[in-house]
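# Chains, contacts and geometry: an overview
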Amino acid sequence: MSWHDTVIAIVAGDAREQEIARCAVRAGAVVRAYGFPWPEEGIEGVYHASDAADALKGADIALFPIPGISAEGALFAPKAPDKIIPTRDMLAGMRRPGHIILGWADANLKSHCEALGISLHEYEWDVDLMLLRGPAIVEGVLKVIIENTQITIHKANVCLVGQGTIGSLLTSTLVALGAKVHVAARNPVQRAAAYAAGAESFTLEQLSHILPEMDIVIGTVPKKLIGAEQLALLPKHALLVDVAAPPGTIDREAAAARGLKAIWARGMGARAPITVGRSQWSGILRRIEGILEQRQ
């Protein structure tokens, strides 16, 4: 099977998916799309479907967004008119053997795909792709902080929970901007790296000791680590920014109940959709080429 015989459905997402669609057309695929912002001039060579089922009809490969699926099973599609929740009937329209490439799948999607014989290819935690879109995510987080505080990042007390790929990029950037960065992480190597980058480092168990002095708290771990007990320690002016995949690091409902401003900054990669769309395509491309090789 060649690229020219391959039908790709791009479902949900944000402006990044526009560039991914263009890349897929340039590669030679037949492209069907739904659920992301559609430009007035359209996208040359791309069929704009009426709904998700229409986009998936006859598709060999479906591309779903990299930001994680919500608790109710909806794909990340902030501009779509309705929530896009993959159903078995919707996915049944794909050709067999079908393939879905996405950030990560929830139990519901995995169950549907297993029943239909559709393979899932998850790439949310690929370090190379995380690094490629990392600068755009960091810029997006800085924008959120600047727009939602009345203090400068310079000299602000910032707590970063988690020190993975994005957390470490945020640490080095915030230190360079003059923030007083406090990193809380489980991994001792990550804590040591944060210290070497100019931050103070702490275990997760030590969070209660540092939160009372924090102006900004950033969560990067896809696990609820900051609940009502920890939130009660924060000053009223503190800003909470959660960049983690579902369920997020911060209990945002508990934060709202305490009158704290908490922002779930999902999809920060959309800060530079052309740059990030092309970087995501590089990872998608590798997976599609592997699928096509297996079919020959």
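Heads up: these notes are all about the structure in this document. (Residues numbered from 1 in each chain as written. Predicted model: local features only at pLDDT ≥ 70, side-chain atom pairs only at ≥ 80, totals over all residues. Heavy atoms only, no water.)

Estimated volume of the largest pocket: approximately 640 Å³. Within the residue set of the lining of the largest pocket, elements represented by two or more residues are α5 (127-147) and α6 (165-176). Of all the elements, α5 adds the most residues to the lining of the largest pocket, at four residues. A class-by-class count of the residues in the lining of the largest pocket yields 20 nonpolar, eleven polar and seven charged. The calculated volume of the second largest pocket comes to roughly 210 Å³. Around the second largest pocket, the lining residues are Ser70, Glu72, Ala74, Leu75, Phe76, Ala77, Pro78, Ala80, Asp82, Lys83, Ile84 and Arg266. (1 Å grid on protein atoms, 1.4 Å probe; cavity = no way out; pocket = protein on both sides within 12 Å on 5 of 7 lines; lining within 4 Å. Points joined across faces, edges and corners; volume = space filled by probe spheres on them. Helix = DSSP H or I, 4+ residues; strand = E, 2+ residues; numbered from the N terminus. Nonpolar A, V, L, I, M, F, W, Y, C, P; charged D, E, K, R; others polar.)

With that out of the way, let us pick up the packing of aromatic side chains. The full count for this structure, using the stated rule, is two aromatic pairs. With 6.2 Å between their ring centres and 50 degrees between their planes, Trp3 and Trp281 make a pair best called tilted. Linking Trp3 in the segment before β1 (7-11) with Trp281 in helix α11 (residues 273-295), this pair joins segments that are 278 residues apart in sequence. Assigned by exposure class, Trp3 and Trp281 land together as buried. Over the ring of Trp264 we find Arg252; its NZ or CZ atom is 3.7 Å from the centre of that ring. (Phe/Tyr/Trp six-rings, centres within 6.5 Å; stacked < 30°, edge-to-face > 60°. Buried < 20%, exposed > 50% of the residue type's maximum accessible area, 1.4 Å probe, protein only. Lys NZ or Arg CZ within 6 Å of the ring centre and 35° of its normal.)

The next subject is the pattern of salt bridges. This structure, assessed with the given rule, holds twelve salt bridges. Of the charged contacts, one joins Asp128 and Arg286 as a salt bridge, the two residues approaching to 2.9 Å between their closest N and O atoms. Taken together, the residues span a long stretch of sequence, with Asp128 in helix α5 and Arg286 in helix α11 at a distance of 158 residues. A salt bridge links Glu147 to Lys143; the shortest N-O distance between them is 3.1 Å. Here Glu147 pairs with Lys143, and both are found in helix α5, just four residues apart, close to one helical turn. Classification of Glu147 by relative accessible area gives exposed; the value is 52%. (Salt bridge = Lys/Arg side-chain N within 4 Å of Asp/Glu carboxyl O.)

What follows is about the environment of Asn157. For Asn157, the location among the structural elements is in strand β7 (residues 157-161). Asn157 sits 131 residues away from Arg26 along the chain, and the two C-alpha atoms are 47 Å apart. Non-local contacts of Asn157, meaning those with residues more than four positions away in its chain, are made with Lys180, His182, Glu213, Met214, Asp215 and Ile216. (Contact = heavy atoms within 4.5 Å.)

With that settled, the discussion passes to the side chain of Glu17. Mapping Glu17 onto the fold places it in helix α1 (residues 16-27). Nearest to the buried, unbridged Glu17 among oppositely charged side chains is Arg16, at 4.9 Å. (Lys, Arg positive; Asp, Glu negative; His and termini not counted.)

On to empty space enclosed by the protein. Per the counting criterion, the structure on display carries one cavity of 30 Å³ or more. Estimated volume of the largest cavity: approximately 40 Å³. Lining the largest cavity are Ile10, Glu17, Ile20, Leu63, Phe64, Pro65, Tyr123, Gln280 and Ile284. For the lining of the largest cavity, the elements supplying multiple residues, two or more each, are α1 and α11. When the residues that make up the lining of the largest cavity are grouped by side-chain class, the tally is seven nonpolar, one polar and one charged.

The next point concerns the environment of Thr173. With respect to the helices and strands, the residue Thr173 is situated in helix α6. In this structure, the C-alpha to C-alpha distance between Thr173 and Pro135, residues 38 residues apart in sequence, is 9.6 Å. Setting aside residues no more than four positions away along its own chain, Thr173 makes contact with Val138 and Leu142.

Let us now look at the sheet that holds strand β8 (residues 180-184). Taken in spatial order, the six strands of this open sheet run β9-β8-β7-β10-β11-β12, and their pairing is parallel. Because the sheet does not close on itself, it has two edges, and the strands there are β9 (200-202) and β12 (261-264). Pairs of neighbouring strands in the sheet enclose a mean axial angle of 20 degrees, with direction left out of account. Direction of pairing for β7 relative to strand β10 (residues 216-219): parallel, over a ladder of four bridges. If you follow Leu160 over to β10, its bridge partner there is Ile218. Its contacts with the sheet put α6 on β7, β8 and β10, and the angle it makes with β7 is roughly 165 degrees. (Pairing = 2+ DSSP bridges. Axes fitted to C-alpha atoms, helices over the stretch in contact; angles between N-to-C directions.)

The subject of this paragraph is α5. Its 21 residues place the ends of α5 29 Å apart at the C-alpha level, agreeing with the 30 Å of an ideal helix rising 1.5 Å per residue. The largest bend in α5 amounts to roughly 45 degrees and is located at Gly134, with the proline Pro135 lying one to four residues further along. Inspection of α5 places Leu129, Met130, Arg133, Gly134, Ala136, Ile137, Val138, Gly140, Val141, Leu142, Val144 and Ile145 among the buried residues, and these make up the whole buried set. Where α5 is buried, its residues meet α6, β10, β11 (239-242), β12 and α11. (Expected span 1.5 Å × (residues − 1). Bend = angle between axes of the 7 residues up to and from the residue.)

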